[in-house]
Amino acid sequence: MNWGTELWDQYDNLAAHTHKGIEFLDKYGNFVKERCAIELEYAGKLRRLVKNYQPKRKEEDEYQYTPCKAFKMLLQELGDFAGQREVVAENLQSNVVRELHLLAKELREERKQHLNEGAKQMAVLSTAAGALERARRAYERAARESERALEAFQRADADFNLSRAEVEKQKTNMKLRSQACEDAKQEYMDQLKKTNEAQRQHYEQRLPHVFKQLQDLDEKRIKQIKNFMLSSVDVERKVFPIIMQCLEGMEHAANSINEKEDTQLVIERYKSGFLPPEDYRFEAASGADATDSAPAHPTHNHLTAARGTVSGNRIKKRGGLLSIFSSNKEDYSDLPPNQKKKKLQAKVVELNKQVAQEQAAMEGLMKMKGVYETNPTLGDPMTVEGQLNECCDKLKKLKDQLRKYEVLLAEANNQVCAPTLHPVARTNGAAPNQATSIGSNSESLSRSASESSVSTGGCAGAGNAGGSRAAGGSPESGLGGELAAAHAEHADNNEHDENDEHCDHESDFDYYYEPDLQPLGYCKALYAFEANGTGSTMRMECGERLLVLETDAGDGWTRVRRSHTREEGFVPTTYISTTLYSDAHVH
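Residues numbered from 1 in each chain as written. Predicted model: local features only at pLDDT ≥ 70, side-chain atom pairs only at ≥ 80, totals over all residues. Heavy atoms only, no water.

Q: It is not clear to me how the overall build of the protein chain should be interpreted in this structure. Could you clarify?
A: For the protein chain, the helix and strand inventory stands at 13 helices and five strands. Out of the 587 residues belonging to the protein chain, those deemed buried represent 36%. Here the contacts in the protein chain between residues at least 6 apart in sequence split such that 70% fall between residues at least 24 apart. Accessible area of the protein chain: about 35,800 Å², with a carbon and sulfur share of 52%. (Helix = DSSP H or I, 4+ residues; strand = E, 2+ residues; numbered from the N terminus. Buried < 20%, exposed > 50% of the residue type's maximum accessible area, 1.4 Å probe, protein only. Contact = heavy atoms within 4.5 Å. Areas by Shrake-Rupley, 256 points an atom, 1.4 Å probe, with all protein chains shown as cover.)

Q: It is not clear to me how the sheet that holds strand E3 (residues 557-561) should be interpreted in this structure. Could you clarify?
A: Sheet strands pair via backbone hydrogen bonds, and the direction of the pair is either parallel or antiparallel. Spatially, five strands are ordered E4-E3-E2-E1-E5 in an open sheet, and the strand pairing comes out antiparallel. At either margin of the open sheet sits one strand with a lone partner, and together these are strand E4 (568-572) and strand E5 (576-580). Direction aside, the axes of adjacent strands within the sheet are offset by 40 degrees on average. In the sheet, strand E2 (residues 545-550) pairs with E3 via three bridges, with the strands oriented antiparallel. Opposite glutamate 550, over in E3, you have arginine 559 as the bridge partner. (Pairing = 2+ DSSP bridges. Axes fitted to C-alpha atoms, helices over the stretch in contact; angles between N-to-C directions.)

Q: Whenever I open this one, the nonpolar core confuses me. Can you help?
A: Inside soluble globular proteins, nonpolar side chains tend to come together where they are buried. With 29 residues, the main nonpolar core has Leu25, Val32 and Leu92 as its most contacted residues. Mapped onto this core, the elements with two or more residues apiece are helix H2 (11-52), helix H3 (66-158) and helix H4 (164-255). No other element matches H3, which puts 13 residues into this core. The contacts of valine 32, once residues within four sequence positions are left out, are Leu92, Val96 and Val97. The next biggest cluster of nonpolar side chains, apart from the first, holds 18 residues, and it includes Leu365, Leu388, Cys391 and Tyr405. (Core = buried A, V, L, I, M, F, W, Y, C linked by side-chain atoms within 4.5 Å.)

Q: Before we go on, may I ask you to explain the packing of H2 against H4 in this structure?
A: If you want to describe how two helices pack, look at the angle between their axes and the distance between the axes. Remark: H2 packs on H4, axes separated minimally by 11 Å, with the N-to-C direction vectors making an angle of 15 degrees. With respect to each other, H2 and H4 are oriented roughly parallel. Where H2 crosses over H4, the handedness of that crossing is left-handed. Facing Tyr11, Leu14, His17, Thr18, Gly21, Ile22, Phe24, Leu25, Tyr28, Arg35 and Glu39 of H2, the residues of H4 in contact are Leu207, Phe211, Leu214, Leu217, Asp218, Arg221, Ile225, Phe228, Met229, Ser232 and Glu236. Of the residues belonging to the contact of H2 with H4, the class tally is 13 nonpolar, four polar and five charged. (Parallel < 35°, antiparallel > 145°, perpendicular 65-115°, else oblique. Left-handed = near helix turned anticlockwise from the far one by under 90°. Nonpolar A, V, L, I, M, F, W, Y, C, P; charged D, E, K, R; others polar.)

Q: For this particular structure, what's the right way to read the packing of aromatic side chains?
A: How two aromatic rings sit relative to each other is set out by the distance from centre to centre and by the angle between their planes. Overall, the coordinates contain nine aromatic pairs when judged by the stated rule. For the ring pair tyrosine 527 and tyrosine 575, a centre distance of 5.6 Å and an interplane angle of 75 degrees mean the geometry is edge-to-face. With tyrosine 527 in the loop between strand E1 (521-525) and E2 and tyrosine 575 in the loop between E4 and E5, the pair connects residues that are 48 residues apart, well separated along the chain. Through a chain of ring-to-ring contacts, the aromatic side chains of Tyr527, Phe529, Trp557 and Tyr575 assemble into a single cluster. When the ring centre of tyrosine 522 is taken as reference, the NZ or CZ atom of arginine 545 above it lies at 3.9 Å. (Phe/Tyr/Trp six-rings, centres within 6.5 Å; stacked < 30°, edge-to-face > 60°. Lys NZ or Arg CZ within 6 Å of the ring centre and 35° of its normal.)

Q: What exactly am I supposed to notice about the pairing of E2 here?
A: Both faces of the sheet carry side chains from a regular strand, because those side chains alternate between them. The buried count for E2 comes to five of six residues, which makes it a mostly enclosed element. In the sheet, E1 pairs with E2 via four bridges, with the strands oriented antiparallel. Note on E2: the bridge partner recorded for cysteine 523 is leucine 546. The loop that links E2 with its antiparallel partner E3 comprises six residues; one of these, glycine 554, has a positive phi angle of about 105 degrees.

Q: Explain the pattern of salt bridges to me, please; I cannot follow it from the model alone.
A: Think of it this way: side chains of opposite charge can pair up when their charged atoms draw near. This structure, assessed with the given rule, holds 28 salt bridges. With a closest N to O distance of 3.9 Å, aspartate 234 and arginine 237 form a salt bridge. With aspartate 234 and arginine 237 both in helix H4, this residue pair falls three residues apart, about one helical turn. The exposure class assigned to aspartate 234 is partly exposed, which follows from its relative accessible area of 29%. (Salt bridge = Lys/Arg side-chain N within 4 Å of Asp/Glu carboxyl O.)

Q: Just to check I follow, could you spell out a negative patch on the surface for this structure?
A: Where like charges cluster on the molecular surface, the negative patch consists of Glu182, Asp183, Glu187 and Asp190. Residue position: glutamate 182 is located in helix H4. A relative accessible area of 45% places glutamate 182 in the partly exposed class. (Patch = residues over 30% accessible without salt bridge, like charges linked within 9 Å, V, L, I, M, F, W, Y side chains within 5 Å. Lys, Arg positive; Asp, Glu negative; His and termini not counted. Charge placed at Lys NZ, Arg CZ, Asp CG, Glu CD.)

Q: Explain the packing of helix H8 (residues 337-374) against helix H9 (residues 385-412) to me, please; I cannot follow it from the model alone.
A: At a minimum axis separation of 9 Å, H8 and H9 run at an interaxial angle of 160 degrees. Viewed along their axes, H8 and H9 adopt a mutual orientation that is roughly antiparallel. Here H8 runs over H9; the crossing is left-handed. The class makeup of the residues in the contact of H8 with H9 is 18 nonpolar, six polar and eight charged.

Q: Can you walk me through H3 in this structure?
A: Three- or four-residue spacings in an α-helix give side chains the same orientation, since the helix completes a turn every 3.6 residues. Between its terminal C-alpha atoms H3 stretches 133 Å, which fits the 138 Å expected from 93 residues at 1.5 Å a residue. Glutamine 93 marks the point of greatest bend in H3, at about 35 degrees. (Expected span 1.5 Å × (residues − 1). Bend = angle between axes of the 7 residues up to and from the residue.)

Q: What am I meant to see in the environment of glutamine 213 here?
A: On the secondary structure map, glutamine 213 appears in helix H4. Spatially, the C-alpha atoms of glutamine 213 and glycine 4 are 9.6 Å apart, while their sequence positions differ by 209 residues. A distance of 3.1 Å separates polar atoms of two side chains, one belonging to glutamine 213 and the other to histidine 114. (Polar contact = N/O pair within 3.5 Å; in protein donor to acceptor, adjacent residues only side chain to side chain.)

Q: Explain the environment of glutamate 166 to me, please; I cannot follow it from the model alone.
A: Of note, glutamate 166 is situated in helix H4. A C-alpha to C-alpha distance of 7.5 Å links glutamate 166 and alanine 156, two positions ten residues apart in sequence.

Q: Would you mind showing me how to read the side chain of aspartate 262 here?
A: Mapping aspartate 262 onto the fold places it in helix H5 (residues 259-270). Buried charge without a salt bridge: aspartate 262, with lysine 69 as the nearest opposite-charge side chain at an N-O distance of 7.2 Å. Not counting residues within four places of it along the chain, the set of residues in contact with aspartate 262 comprises Tyr65, Thr66 and Pro67.

Q: Got a minute to help me understand the confidence of the model for the protein chain in this structure?
A: As a general rule, the predicted coordinates of low-pLDDT regions are not to be interpreted in detail. The predicted model of the protein chain has a mean per-residue pLDDT of 75, with 74% of residues at 70 or higher. When mean pLDDT is compared element by element in the protein chain, H2 scores highest at 93, while helix H10 (residues 432-435) scores lowest at 35. In the predicted structure, residues 290-328 sits below a pLDDT of 50 and forms 25 contacts with residues beyond four places in sequence or in another chain. Residue range residues 415-514 is modelled with pLDDT below 50. Its contacts to residues more than four positions away, or to other chains, number 200 contacts. (pLDDT = per-residue confidence, 0-100.)

What follows is the structure, encoded as structure tokens:
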């Protein structure tokens, strides 16, 4: 299949065909370009749709139901789906449209070059054919003139009236014309040979070479269109796994809808805690006097119950000038009992987190001060004194608020007194179940009470200036007495007796008696450690086996006990290898 041999006489048609082929390439490029625009527009509209249906701030309460959560997940997956359509458009633009535009430009230049070469070869052949035609016409003209000269000589030779000189003249003219005819004939024959050779080379070599180049150009165009189509398909195929993940995410979101869970959620959200109203009682009409003197029956709280069951906050109270004298509803007393209980529970949890944060901040400051006291070249311990006092005051305020809301929560639970304390004691105002949980956020809060019992074992240890790690301080800091002194000064300012304050009330750090702790595991001393003499640390020998009472709360110390002497204290966590009974995990 060779255009040079099969289509030797179709130069103009091949030129038009290659032109149409490049125009089709441009047409396909415009198609892909418009498709990219459609993909981008589609992705943009999807993103706007997702944005318009994102939950507003005022709708956040409604999005706790499973259909709303599923719809939110679906919007997220749809946003990711839109992103994949954008990836398709970007890859088509870079891998197809741009390359296709460059290819079309290159093919146009090559086609123009090949056609110019073909036109040059056609001009050469046309020149040879023109020379042949001129030689032929010259030969024909010379032949005619030779024939006329011959006829004139024959007439003169037959005419006896002409002189001998006249006859010789006609004979000489005849010979000249005959020689000119022979010369024109020879030139015509030579030009014919040259023209035939040029024509043979034109149709057998030169023009087939041009046609072969045009054929290669056209086949290259066709092959590249195939590659571009396959590349477009490959661009789509690469995003299909992610699109399938988006669709699977939408399916998972739909399957996460649970009508029973939402039903229970509605109950928890709107349950007021009120009892249904009692039956109406029959009121006997025994006369005006009897009616006036009869005690009125208690009116049932239908409005109150309705307010609690229909909506906890939709019935607005009277405003105006009297509203500025109304009390602040921090105790949620305007809510139904069940809703009030939920709000108070959330408030207690929030305050516990804040107390834990302040406790951690105080531990950091106390460590810093301890380091400064140990090595004064690093800094002045008094530089953190003001921050410690500020942190102590803030911690006391938070614990006061926590006690307040715990009392309100107890009242909401219809309990006469506060819940019974855990044997390990509620520390820093935290709930009992938080004070004893290992690994919880409030683990560091329980450390202050347990550390005080190491040195003193009782309430009086709260005022010991050298033995306890007050408020979670490290054993090396020696700041327990300073904080206890700060607490005593604060207690004097509030006109409380200092001794009674330490023994009968919660201090700033809630010291309680703590019974023996149950071992959580055991450890082996990797290095020897000498106690610093403050009473909270404990000496150990290399290779010694000890019981673990409390794990490291982030301060670098672990509480341990000797099994044979019952001696307890803190040792550096990095000096031991710990194994807990719960998971037998070696730290």
